[in-house]
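This is what each chain is made of:
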Amino acid sequence: MGQSTSRGDMLSSGVRPRVQFSVGEEGRHRYNSRRDDNFQIPSTVSASDMESSDSGRRGSRVELRRSSIFSTLDLVPHLEHYASTVPRLPMRGRPSLVALRNSIYGLEAGDEPVSHNADGPQGSAPGRFGWMTGVMFRCMLNMWGVILLLRLSWITSQAGILLTWLIILMSMTVTSLTALSISAIATNGRVTSGGLYVMISRSLGPEIGGPVGMLFSFANTLACALSTVGFAEVVGDLMQEFGAVVVDSVNDVRIVGVVTVTLLLLISLAGIKWKSKTHILFFIFVYTVSFSNYFVGTFIPPGPEKQAKGIFGYRGDIFISNLKPAWRGADGTFLQMFALFFPSTIGVLSGVNICGELKDPATAVPKGTIVGIFWTTISYLAISATVGSCVVRDASGNIAHALTGNITDSCVGLGCNLGWNFTDCIESQSCDYGLANNLKVPGQVAGFYFLNTAGVFVAALSSALGFLVSAPKIFQCLCRDNLYPYIGFFAKGYGKKDEPLRAYILCYVIAVAFVLIAELNALAALITNFFLCCYCLINFSCFHASITNSPGWRPSFQYYSKWTALFGAVISAVLMFLFTWWAALITCCVMFFLFGYVNYNKPEVNWGSSVQAGIYNMALSYSVSLSGVEDHVKNFRPQCLVLTGPPNQRPALVDFVGTFTKNISLMICGDIIMEQERQTRPQNATEWLVKWMNKRKVRSFYTPFSADCLRAGARHLLQASGLGKLKPNTLVLGFQTNWRDSSPERTEDYINTITDTFDSNYCLCILRMMDGLDIFDQFDVGVNQGFEPDESVESKDQQSPGRESVEDISPKGDGDQMKTVFQSDQGNKTIDVYWVADDGGLTLLVPYLLTRRKRWRLCRVRVFIVGDEDNMEAGRNAMISLLRRFRLDFDDVIVMTDSEKPPLAKNLSRFEDSVAPFRLHDEQQQDVSVQELRAPGKISDKEFEAFKLKSERKVRLNEIIRRNSQHAALVLLSLPVPPSDCPSALYMAWLDTLTCGLHCPAVLIRGNQQNVLTFNCQ
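Residues numbered from 1 in each chain as written. Predicted model: local features only at pLDDT ≥ 70, side-chain atom pairs only at ≥ 80, totals over all residues. Heavy atoms only, no water.

1. A look at unusual backbone geometry
- For Lys697, which is not glycine, the phi torsion reads 60 degrees and is therefore positive.
- Its location among the elements puts Lys697 in the loop between helix H23 (685-695) and strand E7 (701-707).
- Although it is not a glycine, Gln1009 sits at a positive phi angle of roughly 70 degrees.
- Relative to the elements of secondary structure, Gln1009 occurs in the segment after strand E16 (1002-1006). (Helix = DSSP H or I, 4+ residues; strand = E, 2+ residues; numbered from the N terminus.)

2. Things to note about the sheet that holds strand E15 (residues 970-974)
- Across the sheet, which stays open at both edges, the ten strands sit in the order E7-E6-E5-E8-E9-E16-E15-E10-E11-E12 with mixed pairing between neighbours. With one partner strand each, in any of the chains shown, E7 and strand E12 (892-896) form the two edges of the open sheet. On average, adjacent strands in this sheet sit at an angle of 20 degrees to one another, irrespective of strand direction.
- Relative to E16, strand E9 (residues 763-768) runs antiparallel, the two being bridged by five bridges. Within E16, the residue paired with Leu764 across the bridge is Arg1006.
- Docked against the sheet, helix H28 (residues 872-885) engages strand E11 (860-866) and E12, running at close to 145 degrees with respect to E12. (Pairing = 2+ DSSP bridges. Axes fitted to C-alpha atoms, helices over the stretch in contact; angles between N-to-C directions. Contact = heavy atoms within 4.5 Å.)

3. A look at the packing of aromatic side chains
- Tallied over the full model, the rule gives 30 aromatic pairs.
- Aromatic pair Phe231 and Phe457: ring centres 4.9 Å apart, planes at 70 degrees, arrangement edge-to-face. Within this pair, whereas Phe231 is found in helix H6 (residues 206-241), its partner Phe457 is found in helix H16 (residues 449-480), the two being separated by 226 residues in sequence.
- Feature note: the residues Phe334, Phe338, Phe342, Tyr535 and Phe579 constitute an aromatic cluster, connected by ring pairs.
- Seen from the ring of Tyr494, Lys492 lies directly overhead, with NZ or CZ sitting 5.2 Å from the centre.
- Sitting over the face of the ring of Trp990, Lys954 holds its NZ or CZ atom 4.2 Å from the ring centroid. (Phe/Tyr/Trp six-rings, centres within 6.5 Å; stacked < 30°, edge-to-face > 60°. Lys NZ or Arg CZ within 6 Å of the ring centre and 35° of its normal.)

4. Notes on the confidence of the model for the protein chain
- Averaged over all residues, the pLDDT of the protein chain is 79; the fraction at 70 or higher stands at 80%.
- Across residues 86-90, where pLDDT falls below 50, the model places three contacts with residues more than four positions away in sequence or in other chains.
- Low pLDDT (under 50) marks residues 772-807, which in the prediction has 99 contacts with non-local residues, meaning those over four places away or in another chain. (pLDDT = per-residue confidence, 0-100.)

5. What about a nonpolar patch on the surface?
- A contiguous nonpolar patch, built from Val246, Val247, Ile255, Val259, Leu263, Leu266, Leu269 and Leu501 and spanning about 680 Å² of accessible area, is present on the exposed surface.
- Counting residues per element, the nonpolar patch draws most heavily on helix H7 (residues 249-269), which supplies five residues.
- Relative to the elements of secondary structure, Val247 occurs in the loop between H6 and H7. (Patch = residues over 30% accessible without salt bridge, like charges linked within 9 Å, V, L, I, M, F, W, Y side chains within 5 Å. Areas by Shrake-Rupley, 256 points an atom, 1.4 Å probe, with all protein chains shown as cover. Salt bridge = Lys/Arg side-chain N within 4 Å of Asp/Glu carboxyl O.)

6. A look at the pattern of salt bridges
- A complete count under the given rule lists 21 salt bridges for this structure.
- Residue Asp317 pairs with Arg315 through a salt bridge whose shortest N-O separation is 3.5 Å.
- The exposure class of Asp317 is partly exposed, given its relative accessible area of 27%.
- According to the relative accessible area criterion, Arg315 is partly exposed, its value standing at 37%.
- Its salt-bridge partner being Asp898, residue Arg963 comes within 3.2 Å of it at the nearest N-O pair. With Arg963 in helix H32 (residues 948-964) and Asp898 in the loop between E12 and helix H29 (905-915), the pair connects residues that are 65 residues apart, well separated along the chain. (Buried < 20%, exposed > 50% of the residue type's maximum accessible area, 1.4 Å probe, protein only.)

7. Thoughts on the side chain of Asp839
- Looking at where Asp839 falls in the secondary structure, it is placed in the loop between strand E10 (830-834) and helix H27 (842-850).
- Buried charge without a salt bridge: Asp839, with Arg1006 as the nearest opposite-charge side chain at an N-O distance of 5.5 Å.
- There is a polar contact of 2.7 Å between the side chain of Asp839 and the side chain of Thr843.
- The residues touching Asp839, leaving out its near neighbours within four places in the chain, are Ile1005, Arg1006, Gly1007, Asn1008, Gln1009 and Gln1010. (Lys, Arg positive; Asp, Glu negative; His and termini not counted. Polar contact = N/O pair within 3.5 Å; in protein donor to acceptor, adjacent residues only side chain to side chain.)

8. Considerations on the packing of helix H5 (residues 195-204) against H6
- Following both chains from N to C, one finds H5 and H6 inclined at 165 degrees, their axes separated by 7 Å at the closest point. Here H5 is positioned roughly antiparallel relative to H6, judged by the angle of their axes. In the crossing of H5 with H6, the sense of the turn from one axis to the other is right-handed. Packed against H5, whose contacting residues are Leu196, Tyr197, Ile200, Ser201 and Leu204, the element H6 presents Pro206, Ile208, Gly209, Gly210, Val212, Gly213 and Phe216 at the interface.
- Looking at the contact of H5 with H6, its residues break down into eight nonpolar, four polar and no charged. (Parallel < 35°, antiparallel > 145°, perpendicular 65-115°, else oblique. Left-handed = near helix turned anticlockwise from the far one by under 90°. Nonpolar A, V, L, I, M, F, W, Y, C, P; charged D, E, K, R; others polar.)

9. Description of the pairing of E11
- Among the seven residues of E11, five are classified as buried, and the element is accordingly described as predominantly covered.
- As paired elements, E10 and E11 share five bridges and run parallel to each other. In the sheet register, Asp832 faces E11, and the bridge partner there is Arg862.
- In this fold, the crossover linking E10 to E11 by way of H27 has right-handed handedness.
- Relative to E12, E11 runs parallel, the two sharing five bridges. Its bridge partner lying in E12, Ile865 is registered against Val895.
- Once the chain exits E11 it traverses H28 before rejoining the sheet at E12, and the crossover so formed is right-handed. (Right-handed = clockwise from strand over helix to strand, strands pointing away.)

Following this line, the structure appears as structure tokens:
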């Protein structure tokens, strides 16, 4: 293959390798090492990224990446290294720590750095707009809608100029506070698409973001219908003036509205460039032509025809007369006028909704939104003031009502001072003109009436188009997040711009349905509440993100305050109910329903929301506060460290502990990993196992720990697990069923783990499943047989001793959720508690906690105690009295008076046979070495005789248990503490004997000799 130079030779000769890598046509990296007498550390590493297109290969583009001063493989900071927000995903172009540690002079042969595609996906980029064309123009056009040109003059007549200004300023205050919050959220990271929905969902999480996305996309569709109905009303009035009525006034509005929405849909389907150009043309027309026409008209001296309609030009007496309110009709209240005007402010979100089309959303959104609000506020104030200074409230429109001479007797109204007698229509309330009676006053004031009408057309159509463009894009993003069922169909995009054509059709259908209502005021009530709800959540998002002090909350827009955001949220919520309480209730009900659905389904998304930061803050604060709380027996909870190994391999052990700890106390699943297994264990095994527990609805932490043996790993977990007072006090193991076949060292390791638990002052539980034992043997991991009898176990799961394969550690696609007996309804079976040793009460507390669960609630708890026949009744009454004082509603107490009788010969013989392989008789001791005499697990004759009485009592106790508990759902038995001089094999034989022959789960349990129950109140 050629001559090779060793590393040592190269170092001794003073020649260092120079390393290059490149990307070939197949995307694989090639490494070349050559000698270079003039060695120089390269400052850059070049990589060629091969790109493809529809026509074939294009050539390669070389992108330079500057190296760090530490290594040629170690790169300097780069922007796109931080593009991913999801943890544990490989970063583009950044070498791993393993690659850096194993590098030779910056790069080792065999390492494959991640290639970086600088160009990204092929295809032209979507249209990009600045802050004026993309945000300001859109906001102003959507705020200059039908309310401005069709309702503002009527609101001024009802509320007067002063209160109208107050309504405008209050509305714009709420809108401005919301704009500040939007600016802060928009500048806290790049928002590519989805507008408001993406901002809220990524800030507050899917539980709040999902309802907001659904509500906001629906509200935008309704806003499109609102603007369309306003446009159709004006067209219907023109048709009546020219005698071109098709059906009637209402149905004409419906016909024109449906045709208009259809045309707007076609414009929307034409693409973003057409929509943007249309908006710009609309803006120029409204701003330069329509507004100029109106303001110029206010200065033109009115003729007799205009004066007959109540238009007299600027006059101080008219201005003073219109300053105060003049409420008329059932809807003539301040709140009703406020609610009617507020939809004019909903266009403030138009720029945010297309943030994916902006060049720089972080700059464009704050600047364009705030400037747009400023100018629209000025325009609203100016129009309300000017129209209130030029037009009286009531006029007849009849030129014959002009006064001749100075005859003003019996004349009523301000028109008397202006030379007009409108008394008849004022008294009969039949005036057709004036601020209070005609909705087309701005057009009548303008220099050219039809030019102003065209302005109404443009403003209404531009608003409708803007909302029709925004709604489908928001809904498309919502559908792609899969938060709700049956809406994924609308997530599909078409073309290079990924246009949501299906969502366009859906929004079109909804808009047409509401256009057919043909009632502007009814639509305004619903829209007001929907948008106020959105404003409330926008401000609350900003407040919540600020109050949680998350390091990720770093908005570049600094002109906001968390308290102004909170005020905006509160005032928006209050206004919802003040405006239209029934619409507010409907909105809240819809929000709660959508929230409940997402909260129940727990979608698997990770957006780094402020809710996550808030949960962390709360958990940290409470954990620190808990550290200062002294322990009390009334607050004792069994906080369990469960040595499960991979939890999905021992579901019965997980379910047993989860049954009495869920929502009550701490549970930690400890997985002790042998050193030799670390190499084959996948890196994301922890994530898999946590997902498995979450799907099983087990509220537990998972803690893997590498150790050389079971005892070492358990000892370290006992010392290091937990946080402050959230620290385990109970160790839970599975029973080592294969102790007879295991090596003596393994059995000794298991027993030492038990003794270490007691030495650490921990409580201990050992679970034994009889129908196929659920074990915890760190060295012999068999399949978990702790299932219901009708569950079949395939032969492939019956593995030989040794840890299961890497594939078995994974949750097998989250579908491998085997059912255990602890997940089944136990009916009215019994839980038998053999409380033969006073351990502080843990033996009674665990069955009590079990009976609080739905599946175990009907079970009867029986307590078995040791006593003699002469004092049986007294002992039983004493125990019943103790249980009652403990407030434990246990059904029966049974006194075992025959526990000291000798066991049956066959059972004793079976016990002796079980320990026979571990016996070391006296005559054998002369023929064995000293090492064999000291080997763990061996039982000498002297030791066997010393513990013979204890062994017989355990055999006898097993006979009593089998006689009384054959049909029990669960048996709990006091665990004997291992004597220090007891051989490990003999102690394992005791545990095996105590629990053998049962057909239900058995738990050997022992407290730490400290009280966990009390009948005192203090």
